[in-house]
Amino acid sequence: MASEMVPLALSPSTIVIREHPKSIRVGKRTGSLLFKAKAFGPNSTVVAPNGSRFEGVTSGPPDPYYELLEAFEADTSDTKVNLWVRAYRVELQPFVLNVVKKAEKLMLEKGEDKEYLPMDGLAEFNKVTAELLFGANNPVIQEGRVATVQALSGTGALHLAAAFIHGNFPNAKALISSPTWSNHKTIFDDAKVPYSEYRHYDPISKQLDFDGMIADIKAAPHGSFVLLHGCAHNPTGMDPTPDQWGKIADIIQEKNHIPFFDVAYQGFASGNLDADAYAVRLFVERGLELLVAQSYGKNLGLYGERIGAINIVCSSSETAVRVKSQLKWLIRPEYSNPPLHGARIVANVVGDPALFNEWKQEVELISRRLKSLRQRLFESLSCKDRSGRDWSFIVKENGIFSLIGLNKAQIDNMRNKWHVYMIKDGRMSLGGLSLSQCEYLADAIRDSFHNVS
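As the structure is a computational prediction, the values presented were derived from the model and not from experiment.

Cut-offs used in this document
Residues numbered from 1 in each chain as written. Predicted model: local features only at pLDDT ≥ 70, side-chain atom pairs only at ≥ 80, totals over all residues. Heavy atoms only, no water. Helix = DSSP H or I, 4+ residues; strand = E, 2+ residues; numbered from the N terminus. Buried < 20%, exposed > 50% of the residue type's maximum accessible area, 1.4 Å probe, protein only. Areas by Shrake-Rupley, 256 points an atom, 1.4 Å probe, with all protein chains shown as cover. Phe/Tyr/Trp six-rings, centres within 6.5 Å; stacked < 30°, edge-to-face > 60°. Lys NZ or Arg CZ within 6 Å of the ring centre and 35° of its normal. Contact = heavy atoms within 4.5 Å. Pairing = 2+ DSSP bridges. Axes fitted to C-alpha atoms, helices over the stretch in contact; angles between N-to-C directions. Lys, Arg positive; Asp, Glu negative; His and termini not counted. Salt bridge = Lys/Arg side-chain N within 4 Å of Asp/Glu carboxyl O. Polar contact = N/O pair within 3.5 Å; in protein donor to acceptor, adjacent residues only side chain to side chain. pLDDT = per-residue confidence, 0-100. Patch = residues over 30% accessible without salt bridge, like charges linked within 9 Å, V, L, I, M, F, W, Y side chains within 5 Å. Charge placed at Lys NZ, Arg CZ, Asp CG, Glu CD. Arc of directions from axis to C-beta. Core = buried A, V, L, I, M, F, W, Y, C linked by side-chain atoms within 4.5 Å. Parallel < 35°, antiparallel > 145°, perpendicular 65-115°, else oblique. Left-handed = near helix turned anticlockwise from the far one by under 90°. Nonpolar A, V, L, I, M, F, W, Y, C, P; charged D, E, K, R; others polar. Right-handed = clockwise from strand over helix to strand, strands pointing away.

Caption draft 1: Molecular detail of the overall build of the chain. Looking only at helices and strands, the chain has 15 helices and 20 strands in total. The buried share of the chain, reckoned over its 453 residues, is 49%. Carbon and sulfur atoms form 52% of the exposed surface of the chain, whose accessible area is close to 22100 Å².

Caption draft 2: Structural detail: the packing of aromatic side chains. Applying the stated criterion to the full structure yields 16 aromatic pairs. Each member of the aromatic cluster is reached from another via a ring pair, and the members are Tyr88, Phe95 and Phe268. The ring of Phe72 has Lys80 lying over it, and the distance from NZ or CZ to the ring centre is 4.4 Å. Its guanidinium or amino end placed over the ring of Phe449, Arg389 lies 4.2 Å from that ring's centre, counting from NZ or CZ.

Caption draft 3: Structural context of the environment of Ala442. Along the polypeptide, Ala442 turns up in helix α15 (residues 438-451). Judged by relative accessible area, which is 0%, Ala442 ranks as buried. Between the C-alpha atom of Ala442 and that of Leu377, which follows or precedes it by 65 residues, the distance is 6.5 Å. Beyond its immediate chain neighbours, meaning those up to four positions away, Ala442 contacts Leu377, Ser380, Leu381 and Lys384.

Caption draft 4: Spatial organisation of the sheet that holds strand β16 (residues 290-295). If you walk across this open sheet you meet the seven strands as β9-β17-β16-β15-β14-β10-β11, and the pairing is mixed. Both outer strands of the open sheet, β9 (146-152) and β11 (195-199), are each paired with one neighbouring strand and no more. For this sheet, the mean angle separating the axes of adjacent strands, direction not counted, is 25°. Relative to strand β15 (residues 258-263), strand β14 (residues 225-229) runs parallel, the two being bridged by five bridges. Across the sheet, residue Phe225 finds its bridge partner in β15, namely Ile258. Sheet strands in contact with helix α5 (residues 153-168) are β9, β14, β15, β16 and β17 (307-313), and its direction is about 125° off that of β9. Most of the contacts of helix α7 (residues 210-219) go to β11, to which it runs at about 150°, and overall it touches β10 (174-178), β11 and β14.

Caption draft 5: Highlighting the pairing of β16. Counting buried positions over the six residues of β16 gives six, a clear majority of the element. Along β16, one buried face is formed by Leu290, Val292 and Gln294 and the opposite face, lined by Leu291, Ala293 and Ser295, is buried too. Here four bridges tie β15 to β16, and the two strands are oriented parallel to one another. Looking at the pairing, Val263 lines up with Gln294 of β16.

Caption draft 6: Representation of the side chain of Asp239. The topology assignment puts Asp239 in the loop between β14 and α8 (242-254). No salt bridge is formed by the buried Asp239; the nearest opposite charge belongs to Arg374, separated by 8.7 Å. A distance of 2.8 Å separates a polar side-chain atom of Asp239 from the backbone nitrogen of Ala232. A polar contact of 3.1 Å, which involves the side chain of Asp239, links it to the side chain of Asn398.

Caption draft 7: How the structure looks around the confidence of the model for the chain. Summarising the model, the chain shows a mean pLDDT of 90, and 89% of its residues fall at 70 or more. Low pLDDT (under 50) marks residues 1-42, which in the prediction has 61 contacts with non-local residues, meaning those over four places away or in another chain.

Caption draft 8: Broad picture of a negative patch on the surface. Together, Asp63, Glu67, Glu70 and Glu73 make up a negatively charged patch on the protein surface. By the secondary structure assignment, Glu70 is in helix α1 (residues 64-74). The exposure class of Glu70 is exposed, given its relative accessible area of 58%.

Caption draft 9: Main features of helix α6 (residues 182-191). Of all the positions in α6, only His184, Ile187, Phe188 and Ala191 are classed as buried. All buried residues of α6 project into a common sector of 95° when viewed along the axis, lining one side. Positioned one or two residues after α6, Lys192 has a phi angle of 60°, which is positive.

Caption draft 10: View of the nonpolar core. Membership of the largest hydrophobic core comes to 96 residues, with the highest contact counts inside it found for Phe134, Phe283 and Trp359. Among the elements that line this core, the one with the most residues is helix α12 (residues 353-384), at nine residues. Leave out the neighbours within four places in its chain, and Phe134 touches Val140, Ile141, Val146, Val280, Arg281, Val284, Leu290, Val292, Asn311 and Val313. By size, the runner-up hydrophobic cluster in this structure holds 37 residues, among which are Ala161, Ala162, Ala172 and Phe225.

Caption draft 11: Region of the structure containing the packing of helix α14 (residues 408-416) against α15. Where α14 contacts α15, the axes come no closer than 9 Å and their chain directions differ by 140°. Here α14 lies oblique to α15, going by the angle between them. In the packing of α14 onto α15, the handedness of the crossing is right-handed. Between α14, through Gln410, Asn413 and Met414, and α15, the contact on the second element is made entirely by Leu441, Ala444, Ile445, Asp447, Ser448 and Phe449. Residues belonging to the contact of α14 with α15 are distributed by class as follows: five nonpolar, three polar and one charged.

Caption draft 12: Expanded view of the pairing of β14. Most of β14 is tucked away, with five of its five residues classed as buried. Where burial is concerned, the two faces of β14 agree: the one with Phe225, Leu227 and His229 and the one with Val226 and Leu228 are both buried. Both β10 and β14 contribute to a ladder of two bridges, which runs parallel. Opposite Ala174, over in β14, you have Phe225 as the bridge partner. At this point the chain moves from β14, through α8, to the parallel β15, and the crossover so formed is right-handed.

Caption draft 13: Structural detail: unusual backbone geometry. For the bond from Ser178 to Pro179, the omega torsion is 5°, close enough to zero to count as cis. By the secondary structure assignment, Pro179 is in the loop between β10 and α6. The omega angle of the peptide bond from Asn234 to Pro235 is 20°, so this bond is cis rather than trans.

So, in structure tokens, the structure goes:
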């Protein structure tokens, strides 16, 4: 029998609705209505007089990326430049890789279903993503020592790993680079994993602060989780050399730290997927247990598909099974099952030799174009700026980002005078730049550096 809904109109600002109310009294107190009820069930709704039960909820902090998006879209200038966009563009337009289009066509032809995935994701995806990262013939793959689960892109993979750390290493501390991607701090804060910073970048020389990096990792408490950018460091674009990676691994082994790699741009640094996995594979070769978060947002352009993975390399296959069970336990109350479509795209591209070779070629082209943008901007700045400032760091950086070194007032000048939009730390995303804009951007940078303090 349908429930009888009984409305009581008490005042224009107050309504109580109850299914089969047993007892309701309405009284007056200090000029407001006072409600007392018995046997109010879970379907009851009470709207308090002259206010909300959520009145005490404060506003969350604004997200700088989306504030910039709104401002950029509202700007009607023909010369506006987007340097904050977190996606790769081709002459300012969104770009879908040809290999992705082919993979989706194959999926459509197969007529595949839309069923739920297991908690740990698509098995074919988990297999190929681990092989792409470590190498298909790596002993850790052959011996089943990697616990891999599909995650909600890089952010989801990092958060899942941070929750795993909090749950299984309650006294552990993390170490993150200074500077780093801002969301790293948010993720560790949310997971209640305390962290400190290690030096990564010298803003004066515009170079990797390798000595400071080594000293800070060495000074960290034994057994810390050290978050490392596998390649194409965000936001500086400055990566250690192979020799420096070896020395970092030495210190991490000496201090019994646990490496935690964030690999969001595999292929974007050098143009070679294997070369960009060098650091991860070196640490595995050293026999280190480690964590690696992966994302396919950038290198396959699957931004909206939210496809990534967390990989945890263990000392034995038995340990890997237990670790994977803990990851699945974390996934269940959060989202139960990861998305299917993007996982199938990756599985088809990486798992098919022809598509995989085509993807490698496309990644190389993207990397070459990013390098050409850096070269054009460097040449424009060097030609226009007669102050003697050295702009060569721009072409020494890797990947999609560059930390140009502007202060807040100069960044405001870039936006207000030149319609150039960038986040407050001075990071430029070259993914949103076109070759034709480089000279204009050089004018804006030169003006901001020399005419604004």
